[in-house]
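# Structural description and commentary
These are the residues of each chain, in order.
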Amino acid sequence: MDKIAYRILEIDLSTRKTRVVEFSEQPLRKYFGGSGLAASILMDRFDSSVDAFHPDSPLIFMTGLFTGIPVPCGCRISVCAKSPLGHWGEANAGGHFGPELKFTGFDGLIITGRAKEPVYLWVTSAGAEIRTAASLWGKGTFEATAKLLEETDPKARVAAIGPAGENLSFMAGVITGGTEARVMARTGPGSVMGAKNLKAVVVRGDKRPEVADSKILQEAFRDFSPNLKFVESLSKFGTAALIESKEAVGALPIKNYLLSKWEGAKKISGPTMVAEYLTNHYGCFSCPIRCGKDVKITEGPYAGVVGHGPEYETLAGLGSLLLNDDLKSIITLNYLCNDLGLDTMSTGIAVGFAIESFTRSFLKEADGLDLQWGNAKAIFSLIEKIGRRQGVGAVFADGVEKAAKALGRETEHFALHSKGLEVSLSNPTPTVSLALSWATSNRGACHLEGFSHQVEGGVPFPEMGYLKAMDGTSGESKGQMTALMQNYMAVFNALGLCKFLFFARVSHAALSQWIKGLTGWEVTSADLMEVGDRLYNLKRVYNVLMGALSEKDTLPPRILEVLRPGKPISEGEKLFKDMRREYYQFRGWDEKGIPKREKLLALGLEEAANKIEKR
Amino acid sequence: MIVHIKTVGTLKSLEEGVNPFSLEVLEGTTVSKIINRLNLKDWEIGFIQINGTRATKESIIQDQDELTLIAPLVGG
């Protein structure tokens, strides 16, 4: 008998039929769960002629192996689908939605079709019920979540879209937890839900997953606790702790990456937010780190709301990037994005692009908004318009790649994206591998797929021989390090574990022990890295089949400039291309960035290799 | 020999709000020795700068240097 198996509930919103699909131990050993298993399913069903918003395009919510299991940080869930950006789409969140889904007895949901009218799914151990959401369509996620809890069970967990998802914004995420928002933000999964007329998924379960050896898992928590010292700053201040440190080393993005120093950093920092607005420290399911910082605002449209305070990326994206040093306004803008169902990172970059376009006269008129740097009131209005795809907001609702097409070729210089996904909020000047990570990430300019800049900065990765900080301005050997980190981070998504465990220096030996406790498997460090390599390549093949080759593994000129500040752009370009060349070679990809057949066969991906040959 | 020390980010509380502060050190002192003297652990330090330029724990302090100790950039 299998030591572990997955039961996935498949729901066709067109026919309103459901069925259970089971996955045995064999595919789980090969792909783990989460976005790993989801990638194998989406590859099996791959059809290049079906676009992201077509009813036949599947949307998958998938728990990781450890989601809902009481090991440290066993909380995360992935949502995967073809992205409206035209390639692999994947987003991930902590909180409590993923564990609650697991407690229903279903490890994931595959959603196809399109409902005739707005609906939500009510998922319990009995299956999925498709219910009308007509009265919720158009509502923000805060109100919709509260009403759904009234309609179902106050202890249920909700993943909902806001007006941004309904209006098919490519920047629309899926918001779990209402005001206590944990967001599956990137690559536009909210718009894929919107295209299916699916307002929300509500889950409630009472089945605790079985484990192979509960004693091993109990020891996992005890053995991990000394590691908490490595992430003490996250416990105290959340990722907001980073703001001043990043500014000090030139890594904070300021004025659309035009500046490297800013006096406003202290005003929007973690210690300031904690001192002035903190109401509570928040932890996701089974998390001893508790990096969430709940805050309360006393004025404006969200007066009285206690909810998730802005984390680092949001503080930078809606703060330093826009020269906005008014922390109160950033907290409000964060609430606004969560309520509208927008990715705060992409939204920040889109607003920065809008302001630069306006102040440099590429955008002549903005519905009367005075889009100046630091004008929080105008920023609020623009974001509302983006989320509702109204007026000038429609220009930016699908991100900066499309906006630059509308505003003219010159604006492509500062349209900060790769593969259509807006860059994360760090300046790569002091850690250049971040630029390579962005350009080669399967979902676009994402820092989380690789986290390579953390290793450059000194977070050790001893199993691969990285013990101390690297020269962050040199491109030497960064291709190899970046690829290894991307492989390793893919494992975290598939396991349903938070990547902050890496900062807490969790070892491969510890993870292997946890896996043994859950599944009974004996897994080595090499096995972990091989699974990661397999998953990264599988998603890469998906992108190759979508036509995303080396010419898409690129960066906008502004980013190439900041790689070598004050020098001709050709120097930044050379640095980037040298890193990319080494990266392709290390990965076993050809010069077009296509995985070679022998590489895929070595990873057990024969069908993927065949699909590349037939494309 | 005097070194002027500035701490950034979550290291700020180090000198009870006095930031920057100065220390008297012997000639040939490394950054590592100063970190030990301040009772800081290795993992509590991310980036190190001397007079605004990136340095390492092995770097040797000169008189009147401005040493900046920056908390690790973990989390984003």
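Figured I'd write up the structure that's included with this text. (Residues numbered from 1 in each chain as written. Chains lettered and ligands numbered in written order. Predicted model: local features only at pLDDT ≥ 70, side-chain atom pairs only at ≥ 80, totals over all residues.)

### Observations concerning the environment of Ile 48 of chain B
Residues and elements named next belong to chain B. Tracing the sequence through the fold places Ile 48 in strand E3 (residues 47-50). We classify Ile 48 as buried; it has 23 C-beta atoms within 10 Å. As for Ile 48 and Ala 71, which are separated by 23 residues in sequence, their C-alpha atoms are 9.0 Å apart. In contact with Ile 48, other than residues within four places in its own chain, are Val 31, Ala 55, Thr 56, Lys 57 and Leu 69. (Helix = DSSP H or I, 4+ residues; strand = E, 2+ residues; numbered from the N terminus. Buried ≥ 20, exposed ≤ 12 C-beta atoms within 10 Å, placed from the backbone. Contact = placed C-beta atoms within 7 Å.)

### Points about the sheet that holds strand E4 (residues 53-55) of chain B
What links the strands of a sheet is backbone hydrogen bonding, and the strands pair in either a parallel or an antiparallel sense. All names here are of chain B. Read across the sheet, five strands follow the order E2-E1-E5-E3-E4 without closing on themselves; strand pairing throughout is mixed. Edge strands, defined here as strands with exactly one partner in the open sheet, are strand E2 (21-24) and E4. The sheet shows a mean angle of 35° between the axes of neighbouring strands, direction not considered. Judged from the six bridges that link them, strand E1 (residues 2-8) and strand E5 (residues 65-70) form a sheet pairing that is parallel. The residue of E5 that forms the bridge with Val 3 is Asp 65. (Pairing = 2+ DSSP bridges. Axes fitted to C-alpha atoms, helices over the stretch in contact; angles between N-to-C directions.)

### Examining helix H21 (residues 508-519) of chain A
An α-helix turns once per 3.6 residues; consequently, residues spaced three or four apart project the same way. Residue and element names in this part refer to chain A. Helix length check: H21, at 12 residues, gives a terminal C-alpha distance of 16 Å against a target of 16 Å (1.5 Å per residue), a fit within 8%. Among all positions in H21, only His 508, Leu 511, Trp 514, Ile 515, Gly 517, Leu 518 and Thr 519 are buried. In the segment just after H21, Gly 520 is the residue with positive phi, at about 85°. (Expected span 1.5 Å × (residues − 1).)

### Points about the pairing of strand E12 (residues 198-203) of chain A
Residue and element names in this part refer to chain A. E12 sits mainly inside the fold: six of its six residues count as buried. In the sheet, strand E7 (residues 119-124) pairs with E12 via five bridges, with the strands oriented parallel. Paired with Tyr 120 across the strands is Ala 200, a residue of E12. By the bridge criterion, four bridges tie strand E9 (residues 157-160) to E12 in an arrangement that is antiparallel. Of the residues in E12, the one forming a bridge with Ala 160 is Ala 200.

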